[in-house]
Amino acid sequence: MSIHNENNYNENMIKIVSPLDGSLLGAVKAMSQSEVDTNIEKAKKAFYEWREYPLSKRADIMYKAADLLLANTKRVAELLLMEIGKDQKSAESEITRTADFIRFTADTAKSIHGESIQGDNFSGFSKEKFAMVTREPVGVVLAISPFNYPINLAASKIAPALVSGNTVVFKPATTGSLCGIELAKIFLEAGLPEGALTVITGKGSEIGDYIVTHPDISFINFTGSTEVGLDISKKVHMVPLLMELGGKDAAIVLKDADLPFAAKNIAAGAFSYSGQRCTAVKRIIVINEVADKLIGYLKDEIGKLRVGNPLTVQAEVVPLISEKAADFVWGLIEDAKEKGARMVMGGKREGTLIYPTLFDEVTEDMRIAWEEPFGPVLPILRVNTVEEAVALANKSEYGLQASVFTENITDAFHVAGKLEVGTVHINNKTERGPDHFPFLGVKKSGIGTQGIRYSIEAMTRVKATVINLNR
Ligand code: NAP
Ligand code: G3H
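From a predicted model like this one, the values you see are computed outputs, not experimental measurements.

I tried to follow the overall build of the protein on my own but got confused; where do I start?
Broken down by element type, the protein carries 14 helices and 24 strands. Here the protein has a C-alpha radius of gyration of 24 Å; the compact-globule value for 471 residues is 23 Å, and the two agree. Counting over 471 residues, the protein shows a buried share of 55%. Intrachain contacts of the protein at a sequence separation of at least 6 include 71% that bridge at least 24 residues. Here the protein has roughly 19700 Å² of accessible surface; of this, 52% comes from carbon and sulfur atoms. Distance between charge centres in the protein, computed from 53 positive and 59 negative side chains, equals 3 Å.

And the structure:
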């Protein structure tokens, strides 16, 4: 597990280049199948030792890892900024949030209790029979993370898995793998035994199938696109999956909403890190009567966003992760223009930097109405009634999160109750945190639930030991 410099680069290495200035940051191995086998074998072997560690000792290692991560905030944030192009402030807050996450995970694991169930609750059985119900680790967890939170979304799989006694094989996104390796080193330095956490590097498109179908993987915890998630779910059999996938989060604005407040929230929710967040606001559904006013406030708020390269400016809207990503977003913009959407602002591109773009009068035949841009483009769809808003929101194949802005709590609950998503935010932008809340997607946005306690529960299984006093 190492980061190589330019001098020892060879054809089995993948160069990691900064999306901000094209500089070569390092290189990682494109691992072969036999190297994957070795890593998984190590994790399998370590499982029998690691699961026997007392929970308090596993938790102490997590606390130490959190401390080490925090102590390295500046260094890791600088790497994160260069590797995935996140601005300095967000890069640093990703590190501190992750240290908090790891600590909270250790605290939570220590407070989870089993239960005992008496037999006589069921007819025909006596109190002499009872079950002691405990939670057991599942074995070797394969953690696959996306590029956009290379520290946080990796640790939010690794820490709950490890603290529960599982060992982890970690496959970071290739763009983000230098950060992933740094994170793994920190966990190991904190005192993990050999093999408890191993890292596999290499392109998912080349090595992914081999890893996900490996017979020694007991559980797959994946965050990434719906396309890859669906592909994995078709290939894997009898292995539990926890998947957090794409989204098309709607901000629904009702006619009594506090419009300046809604606009401020929506602009921040849609455009921070250029919309490269699963929970970014990805469409506005607004009641026609207040649409023009809302657009006025949105123009003010979007106009305040700072656009540029984080190497030179503290900006919310930054260059996208790759040329391919920028071309995709640009394609959505072109399609909306061609089909008659009204561009309110933006529509400007400098290489991979796309200016925050707002479209009004978006109709259902446009790609931007349905597709996840993972970029700074936000469509407005106008409706006439609350029921129409809900129906349009639910028409998406995705179901990650949604927001509803209204001053009427009854309407808020009415709409929240009808939305087919994992989480509804009332009067706030869509977002994952705080990280101990449940986080999940329905429909094509995922399977299973994350969030500290939920992640621990997902990556452990129930075991019942039945005691018979009356032999
Ligand atoms: P991605 O292309 O799907 O990649 C995610 C991870 O899967 C990477 O580690 C990737 O490795 C790996 N991978 C690719 N092909 C694979 C295969 N055939 N088998 C196994 N693994 C494979 O996603 P991304 O571009 O990194 O992230 C953006 C997407 O993730 C967006 O759709 C976003 O909505 C979603 N996301 C969802 C959440 C959530 O919690 N719901 C959070 C963050 C992001 P390589 O990098 O080597 O290809
Ligand atoms: O990209 C997906 C992340 O899980 C979103 O987290 O809402 O804190 O940005 P966030």
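Looking at this structure, how should I read a nonpolar patch on the surface?
A cluster of nonpolar side chains, contributed by Ile 409, Phe 413 and Ile 426, occupies part of the molecular surface with about 300 Å² of accessible area. Here Ile 409 lies in helix α13 (residues 409-418).

Looking at this structure, I do not really get the site of ligand 1. What am I missing?
By nearness alone, 31 residues border ligand 1, and Ser 145, Thr 174, Ser 225, Leu 245 and Glu 372 come closest of all. In this structure, an oxygen atom belonging to ligand 1 sits 3.3 Å away from a main-chain N or O atom of Ala 173. The contact in question runs from an oxygen atom of ligand 1 to an N or O atom on the side chain of Thr 174, over 2.5 Å. Protein burial of ligand 1: of its 900 Å² of free accessible surface, 86% is covered by the chains. Of all the secondary structure elements, the ones that give two or more residues to the shell around ligand 1 are α7 (204-212), β8 (219-223) and α8 (226-235). With 4 residues, the top contributor of residues to the shell around ligand 1 is α7. Of the residues contributing to the shell around ligand 1, the split by class is 14 nonpolar, 11 polar and 6 charged.

Sorry, what's going on with the pattern of salt bridges here?
Side chains bearing opposite charge may pair, as long as their charged atoms lie close to each other. One pass over the full model with this rule turns up 31 salt bridges. When the shortest N-O distance is used, the salt bridge between Lys 339 and Asp 335 registers 2.7 Å. When salt bridges with common partners are traced through the structure, they connect Asp 292, Arg 342, Asp 360, Glu 361 and Arg 382 into a single cluster.

Looking at this structure, how should I read the UniProt feature "domain: Aldehyde dehydrogenase" (unreviewed entry) in the protein?
UniProt annotation of "domain: Aldehyde dehydrogenase" (unreviewed entry) refers to residues 12-464 when read in the numbering used here. Strand forms 22% of residues 12-464 and helix 41%; the C-alpha atoms that close the span are 47 Å apart.

Looking at this structure, I do not really get unusual backbone geometry. What am I missing?
What you tend to see is this: most non-glycine residues have negative phi, and most peptide bonds are trans. Look at the link from Gly 433 to Pro 434: it is a cis peptide, with omega at -5 degrees. Within the element layout of this structure, Pro 434 appears in the loop between β19 (423-426) and β20 (439-440). Positive phi, close to 55 degrees, is recorded for Glu 361, a residue that is not glycine. Tracing the chain through its elements places Glu 361 in the loop between β15 (357-360) and β16 (377-383). A relative accessible area of 40% means that Glu 361 is categorised as partly exposed. We note that Lys 443 has phi near 50 degrees; this positive angle belongs to a residue other than glycine. As for its placement among the helices and strands, Lys 443 is situated in strand β21 (residues 442-443).

How should the UniProt feature "active site" (unreviewed entry) in the protein be read in this particular structure?
The positions UniProt marks with the feature "active site" (unreviewed entry) are Glu 244. Within the secondary structure, Glu 244 is located in strand β9 (residues 241-244). Residues in contact with Glu 244, not counting those within four places in the same chain, are Phe 222, Thr 223, Gly 224, Leu 400, Phe 439, Leu 440, Gly 441, Ser 445, Gly 448, Thr 449 and Gln 450.

Got a minute to help me understand the site of ligand 2 in this structure?
Neighbouring residues of ligand 2: Arg 97, Asn 148, Tyr 149, Leu 153, Arg 277, Cys 278, Thr 279, Glu 431 and Arg 432. Within the contact set of ligand 2, an oxygen atom lies 2.7 Å away from a side-chain nitrogen or oxygen of Arg 277. With respect to ligand 2, the side chain of Arg 432 contributes an N or O atom lying 2.6 Å from an oxygen atom. When isolated, ligand 2 has an accessible area of 310 Å², and the protein chains bury 95% of it. Per-class residue counts for the shell around ligand 2 are 3 nonpolar, 2 polar and 4 charged.

Whenever I open this one, the sheet that holds β8 confuses me. Can you help?
What holds strands together in a sheet is hydrogen bonding between their backbones, with the strands either parallel or antiparallel. Taken in spatial order, the 6 strands make up an open sheet running β7-β6-β5-β8-β9-β22, and their pairing is mixed. Only two strands of the sheet have a single neighbouring strand rather than two, namely β7 (197-199) and β22 (446-447). Bridge count for strand β5 (residues 140-144) against strand β6 (residues 167-171) is 5 bridges, and the pairing is parallel. In the strand pairing of β6, Ala 143 is matched with Phe 170. Strand contacts of helix α1 (residues 33-50): β5, β6 and β7, with the helix running at about 155 degrees to β6, the strand carrying the most contacts.

Reading guide: rules and limits
Residues numbered from 1 in each chain as written. Chains lettered and ligands numbered in written order. Predicted model: local features only at pLDDT ≥ 70, side-chain atom pairs only at ≥ 80, totals over all residues. Heavy atoms only, no water. Helix = DSSP H or I, 4+ residues; strand = E, 2+ residues; numbered from the N terminus. Rg over C-alpha atoms; globule rule 2.2 N^0.38 Å. Buried < 20%, exposed > 50% of the residue type's maximum accessible area, 1.4 Å probe, protein only. Contact = heavy atoms within 4.5 Å. Areas by Shrake-Rupley, 256 points an atom, 1.4 Å probe, with all protein chains shown as cover. Lys, Arg positive; Asp, Glu negative; His and termini not counted. Charge placed at Lys NZ, Arg CZ, Asp CG, Glu CD. Patch = residues over 30% accessible without salt bridge, like charges linked within 9 Å, V, L, I, M, F, W, Y side chains within 5 Å. Salt bridge = Lys/Arg side-chain N within 4 Å of Asp/Glu carboxyl O. Near = heavy atom within 4 Å. Polar contact = N/O pair within 3.5 Å; in protein donor to acceptor, adjacent residues only side chain to side chain. Nonpolar A, V, L, I, M, F, W, Y, C, P; charged D, E, K, R; others polar. UniProt positions renumbered as here; feature names shortened; annotations may be inferred. Pairing = 2+ DSSP bridges. Axes fitted to C-alpha atoms, helices over the stretch in contact; angles between N-to-C directions.

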